[in-house]
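Remarks on the overall topology
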Amino acid sequence: MSQNITSSKALEDYEMEHRALAERLSKIGFLWAGSINHRYLKCGNPRCACRKDPDARHGPYTYWSTKKAGKTISRKLSGDEAQVFEQWIANRQELKQIADSMMAVSEQAIDLILKQKKRRTEP
Ligand SMILES: [Zn+2]
């Protein structure tokens, strides 16, 4: 009997944890694929130092890239664009982190839930 109380308390804890995660999930903003990277580039001036010296290259320039159908797509971003893309990508990463945590909590809860079901159906 005392074991049943302990396990239903544990199950309550898992449910609470799961609800808290679901609440965070409901507040997630827009999502964006891919990642941001910064590049230093050579310019078109043949006499510019950037032609020979990697340290003299221009930048950093902010790029967004992702893979679509096996091909990498890249796009140079303005400062404003970079801000939005970075936030939305961070949202996507947070979404994944929350989903992973929900999976972990579910994995912990499954045995207790199945045991509880079994107890209810047993005569
Ligand atoms: Zn240059």
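All of the points below concern the structure found in this document. (Residues numbered from 1 in each chain as written. Predicted model: local features only at pLDDT ≥ 70, side-chain atom pairs only at ≥ 80, totals over all residues. Heavy atoms only, no water.)

1. Points about the coordination of the zinc ion
Tetrahedral metal sites with four donors have an ideal angle of 109.5 degrees; octahedral sites with six donors have ideal angles of 90 or 180 degrees. Within the protein, the atoms that donate to the zinc ion are Cys43 (SG), Cys48 (SG), Cys50 (SG) and His58 (NE2), at distances of 1.9 to 2.3 Å. Considering all four donor atoms around the zinc ion, angles at the metal cover 102 to 114° and the coordination shape is tetrahedral. Considered as a linear motif, the donors of the zinc ion on their single chain read C-x4-C-x1-C-x7-H. (Donors = N, O, S within 2.8 Å, 3.2 Å for Na, K, Ca; no water. Tetrahedral: all angles 85-135°; square planar, octahedral: opposite > 155°, others 65-115°.)

2. Some thoughts on the pattern of salt bridges
Applying the stated rule across the entire model yields five salt bridges. Its salt-bridge partner being Glu23, residue Lys27 comes within 3.7 Å of it at the nearest N-O pair. Residue class for Lys27 comes out exposed when judged on its relative accessible area of 63%. Its relative accessible area of 48% is what places Glu23 among the partly exposed residues. (Salt bridge = Lys/Arg side-chain N within 4 Å of Asp/Glu carboxyl O. Buried < 20%, exposed > 50% of the residue type's maximum accessible area, 1.4 Å probe, protein only.)

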